There are 2 protein chains.
Amino acid sequence: MRVGLDVGGTKTEAVALSPRGEIIGRVRRPTGWGSDAVIQSILAAVAELAETVGFAASDIETVGIGIPGVVEPDTGQVLHAVNLGVESLDIPGRLVGELAARVRVANDVKAATIGAASLRGEAGSMAYLNLGTGVAAGIILGGDLWHGAHGTAGEVGHISVDPNGRLCGCGQRGCIEALCGGGPVARAWGRPGAFPIRDIFDAADAGDAQARELRDGLARAAAAAVRVLVLTADVEVVVLGGGLTALGERLEREIVESLRREGEGSAFLTSLRLCERIEMLPAGSPAAALGAALIGADRRTSATGGHDTEERAALRG
Amino acid sequence: MRVGLDVGGTKTEAVALSPRGEIIGRVRRPTGWGSDAVIQSILAAVAELAETVGFAASDIETVGIGIPGVVEPDTGQVLHAVNLGVESLDIPGRLVGELAARVRVANDVKAATIGAASLRGEAGSMAYLNLGTGVAAGIILGGDLWHGAHGTAGEVGHISVDPNGRLCGCGQRGCIEALCGGGPVARAWGRPGAFPIRDIFDAADAGDAQARELRDGLARAAAAAVRVLVLTADVEVVVLGGGLTALGERLEREIVESLRREGEGSAFLTSLRLCERIEMLPAGSPAAALGAALIGADRRTSATGGHDTEERAALRG
């Protein structure tokens, strides 16, 4: 049995794959806060999955875990998973004695990229653009995840598209992430709420000027990320996922509208057919947990992630 | 004998490769204007090369030709090579009867990318950033040129980095090419000269305010292109080439300075060590002709170029 987990800031999702790679079971539990609670959440999700599907812990061959934060490629050590209250956590080490299976850990965007590519079922080129608290992409070229030379492949969130734009946590101005990351946009909005981006969209619909500006900026920056991915890596498709895509069609419409508006002034951009090259993961897509399961089962060592460093993650803000 | 040609706006360079891939001969001639003259320039360069090295035309097995413009991947048809006065030219067809060798044609930036990678002698990842009349890059991933899904891989020149920037020929504002392409920058300068970018650098050194603004904008945009390539494709090295690099260290210094200045405000950018990851082709590097020779000798059909279309090239401006 191959198991995959997506450990998110609020919930942990686990899937079990059949030998043919089909998802035969799926459970979802809240994620605890801090290293010990994260480990407990993982174990509880695996136990619930085993009970639901009806297999024993000893039937599990591999476990793959996708998690937000920097994952050291060699050790699987997780660093700076700030949304989980984790500064440093050796997940494989902590699971020794608890799970007999081989455990591998990967960055959640990389896991979701591999999962989204598997769900699409095509071997060509694709980018997965994660619009969450932060913004980053994973790139599939020739059917494989492109890791890059130093772990920054797909870090489009920190490309500046406006020298006079909002200050980013990374120290630059006008970064794509500063304009369309859920975290920075919520801070710019400055009002409390469980899902501030939805509040912004609601207020924008109701005519609030600040909300309209934030919503338009968010859509423009997400559209810019799509253009960067197509004009640099020339991927066939950009799949949108991440927390912000809980807004579904409301978000997609704004991004498509922004792509179209920019295209109006540029026949070159129009010729790229960008509006037709974006897809959004459906709400509740198991892409990240599926991708984690596939990474867990992958025998190649390169699947755990790039070569990002502790320092860089801290600096990216 | 494998021959490669770089057909540029002013000169045509030809190289001959030994069976081991070493350049054993090299000639340079002016390029004629218009389709017929371009064909004559190619034939004259090959004849001069044969005479210089001492081989017969019948010894030539393959000819690769790098040329600015759009190259149809299947036919080798060249479209919109505006700097050569060529609207449409079937080079392989026109050389039938003149050369017995197999002829293949590729976009000059793609040829230079392959040539630069070969000269560097490493199989890893690399981008070649061509700073010429226009701005475009070629990307080597895992040792091979990445063609992309639709022929726009490396088209970083048309990524906008300033919504209020100069209008680009492609219809967008603030494109990297609008700010650091030799053509657009010379037009913004607006004074005649054989090498307007050198005039701008000279005038900037002499304190001219407009020239300083243009030079600084050029360096900033080239630096932005480097960041886009590293943050998206995460190539190990960005090699700078193209007509503007005739300025040599004067240009490199400005770009390095711009990268450093941006890095000052961002520890994240500093951690990427971008200043150490750029290299400039030496003046007179045979990269493009060498790359053309390698493409000519390559048996894989994908080596001629991407799948760019006539329409898109016309629109890019």
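For every chain, the first residue of its written sequence is number 1, and the numbers climb from 1 along that sequence. Chains and ligands are labelled by the order in which they are written, letters from A for the one and numbers from 1 for the other. Predicted model: local features are reported for residues with pLDDT of at least 70 only, side-chain atom pairs are reported and counted for 80 or more only, and whole-chain, interface and lining totals are derived from all residues. Note: side-chain values were computed over all heavy atoms of the structure, leaving out hydrogens and water.

Chemist: Explain the packing of aromatic side chains to me, please; I cannot follow it from the model alone.
Modeler: Any pair of aromatic rings gets described here by the distance separating the centres and the angle formed by the planes. Pairing of aromatic rings covers Phe, Tyr and the six-membered ring of Trp, with a centre-to-centre limit of 6.5 Å; geometry is then stacked below 30 degrees between planes, edge-to-face above 60, and tilted otherwise. One pass over the structure, following the stated rule, counts 0 aromatic pairs over all chains. Criterion for a charge above a ring: Lys NZ or Arg CZ within 6 Å of the ring centre, and within 35 degrees of the ring normal. We note A:R191 situated over the ring of A:W189; from NZ or CZ to the ring centre the distance is 3.8 Å.

Chemist: What's the story with the relation of the copies chain B and chain A in this structure? I'm lost.
Modeler: For the pair of chain copies, the relating transformation is a rotation about an axis with a translation along it. Overlaid copies result from least-squares superposition on C-alpha atoms, with residues included only where pLDDT is at least 70 in both. Turning chain B through 180 degrees and shifting it by 0.0 Å along the axis lays it on chain A, with an RMSD of 0.0 Å. The transformation relating the two chain copies, once decomposed into turn and shift, fits a two-fold axis. We call two residues in contact whenever any of their non-hydrogen atoms come within 4.5 Å of each other. Looking at chain B, 100% of its interface residues are interface residues in chain A too, so the copies touch through the same face.

Chemist: Looking at this model, I keep getting lost on the domain arrangement of chain A. Mind explaining?
Modeler: Much of the literature gives interface size as the accessible area that the parts lose upon coming together. The start and end points of each domain follow an automatic or database-based domain assignment. When its domains are assigned, chain A resolves into domain 1 (2-111 + 285-316) and domain 2 (121-280). With centres defined by C-alpha atoms, the gap from domain 1 of chain A to domain 2 of chain A works out at 26 Å.

Chemist: Whenever I open this one, helix 7 (residues 209-232) of chain A confuses me. Can you help?
Modeler: Along an α-helix, residues three or four positions apart point the same way, because every turn accommodates 3.6 residues. Residues and elements named next belong to chain A. Labels follow the DSSP assignment, with helices taken as runs of H or I lasting at least four residues and strands as runs of E lasting at least two, numbered in each case from the N terminus. How far a helix is expected to stretch is found by multiplying one less than its residue total by 1.5 Å. For helix 7, built from 24 residues, the straight-helix expectation of 34 Å at 1.5 Å per residue is met to within 8% by its first-to-last C-alpha distance of 34 Å. A 1.4 Å probe rolled over the protein chains alone gives each residue an accessible area, and that area as a share of the maximum for its type sets the label: buried under 20%, exposed over 50%, partly exposed in between. The element helix 7 is largely enclosed, with a buried count of 18 among its 24 residues. What qualifies as a polar contact is a pair of N or O atoms within 3.5 Å, subject to a donor-acceptor requirement within protein and to the restriction that residues adjacent in sequence count only when both atoms come from side chains. A side-chain oxygen of the first residue of helix 7 lies 3.0 Å from the backbone nitrogen of Q210; this N-cap is D208. Looking one or two residues past helix 7, D234 carries a phi angle of roughly 50 degrees, positive in sign.

Chemist: Quick question: what am I supposed to make of the environment of B:S285 here?
Modeler: Residue and element names in this part refer to chain B. With respect to the helices and strands, the residue S285 is situated in the loop between strand 13 (278-280) and helix 10 (287-297). Take S285: its relative accessible area is 18%, and that puts it in the buried class. Each C-alpha atom of the pair S285 and P92 lies 26 Å from the other, and the pair is 193 residues apart in sequence.

Chemist: Could you clarify how one ought to interpret helix 3 (residues 108-120) of chain B in this entry?
Modeler: Residues and elements named next belong to chain B. With 13 residues, helix 3 should reach 18 Å at 1.5 Å per residue; the first-to-last C-alpha distance of 18 Å fits that figure. Here helix 3 lies mainly inside the structure; 10 of its 13 residues are buried. Residues D108, V109, K110, A111, A112, T113, I114, G115, A116 and A117 constitute the buried set of helix 3. Just downstream of helix 3, G121 is the residue with a positive phi angle, here 75 degrees.

Chemist: Just to check I follow, could you spell out unusual backbone geometry for this structure?
Modeler: As a rule of thumb, non-glycine residues mostly have phi less than zero, and peptide bonds are mostly trans rather than cis. One non-glycine residue, A:D234, adopts positive backbone phi at about 50 degrees. Relative to the helices and strands, A:D234 is located in the loop between helix 7 and strand 12 (237-241). The exposure class assigned to A:D234 is buried, which follows from its relative accessible area of 0%. Positioned with a positive phi, B:H80 is a non-glycine residue whose angle comes to about 60 degrees.

Chemist: Looking at this structure, how should I read the packing of helix 5 (residues 182-189) of chain A against helix 7 of chain A?
Modeler: The packing of two helices is summarised by the inter-axis angle and the distance between the axes. All names here are of chain A. Direction vectors running N to C along helix 5 and helix 7 enclose 165 degrees, while the axes themselves pass 11 Å from each other. Between helix 5 and helix 7, the interaxial angle falls into the category roughly antiparallel. For helix 5 against helix 7, the interelement crossing comes out right-handed. Counted together, V185, A188 and W189 of helix 5 and Q210, A211, L214 and L218 of helix 7 form the full contact between these two elements. All axes are obtained by fitting lines to C-alpha atoms, using only the stretch in contact for helices, and the reported angles, taken between N-to-C directions, cover 0 to 180 degrees. Orientation is classified from the angle alone, with under 35 degrees giving roughly parallel, over 145 giving roughly antiparallel, 65 to 115 giving roughly perpendicular, and any other angle giving oblique. Crossings are classed by handedness, with left-handed meaning an anticlockwise turn of the near helix from the far one by less than a right angle and right-handed meaning a clockwise turn.

Chemist: Looking at this structure, how should I read the nonpolar core?
Modeler: One recurring pattern in soluble globular proteins: nonpolar side chains tend to sit buried together. By nonpolar core is meant a set of buried Ala, Val, Leu, Ile, Met, Phe, Trp, Tyr and Cys residues that side-chain atoms within 4.5 Å join together. Grouped together as the largest cluster of nonpolar side chains are 110 residues, with contacts concentrated most on A:L129, A:I176, A:V238, B:L129, B:L131, B:I176 and B:V238. Leaving out residues up to four positions away in the same chain, B:L129 has contacts with B:V135, B:A136, B:A137, B:V156, B:A222, B:A225, B:V226, B:L229, B:V238, B:V239, B:L240 and B:G241.

Chemist: It is not clear to me how the interface of chain B and chain A should be interpreted in this structure. Could you clarify?
Modeler: Between chain B and chain A, the residue contacts involve 46 residues of the former and 46 residues of the latter. Buried surface at the junction of chain B and chain A, both sides included, amounts to about 3,500 Å², of which 59% is carbon and sulfur. A side-chain nitrogen of Lys or Arg and a carboxyl oxygen of Asp or Glu constitute a salt bridge if their distance falls within 4 Å. On inspection of chain B and its partner chain A, the count reaches 0 salt bridges. Linking chain B with chain A are 22 residue pairs in polar contact (both at pLDDT 80 or more), by the criterion used here. Secondary structure elements with two or more residues in the side of chain B that touches chain A: strand 10 (135-141), helix 7 (209-232), helix 9 (267-271) and helix 11 (310-316) of chain B. Ranked by the residues each element gives to the side of chain B that touches chain A, the list is headed by helix 7 of chain B, at 6 residues. Grouping the amino acids of the side of chain B that touches chain A by side-chain chemistry returns 21 nonpolar, 16 polar and 9 charged. Using a 1.4 Å probe, buried area is obtained as the accessible area two parts lose upon being combined, added over both of them. Under the convention adopted here, Pro, Cys and the residues Ala, Val, Leu, Ile, Met, Phe, Trp and Tyr are nonpolar, Asp, Glu, Lys and Arg are charged, and Gly plus all remaining residues are polar.

Chemist: Could you clarify how one ought to interpret the sheet that holds strand 9 (residues 126-131) of chain B in this entry?
Modeler: Each strand in a sheet pairs with its neighbour through backbone hydrogen bonds, running either in the same direction (parallel) or in the opposite one (antiparallel). Residues and elements named next belong to chain B. By definition, two strands form a pair when at least two bridges between them are found by DSSP. In spatial order, the strands read 11-10-9-12-13; together these 5 strands make up an open sheet with mixed pairing. Sheet topology places strand 11 (144-145) and strand 13 at the edges, where each strand pairs with a single neighbour. Sheet topology note: the strand 9/strand 10 ladder contains 6 bridges and is antiparallel. By the bridge assignment, L131 is partnered in strand 10 with V135. Along the sheet face, helix 3 touches strand 9, strand 10, strand 11, strand 12 (237-241) and strand 13 and points at about 130 degrees away from the line of strand 9.

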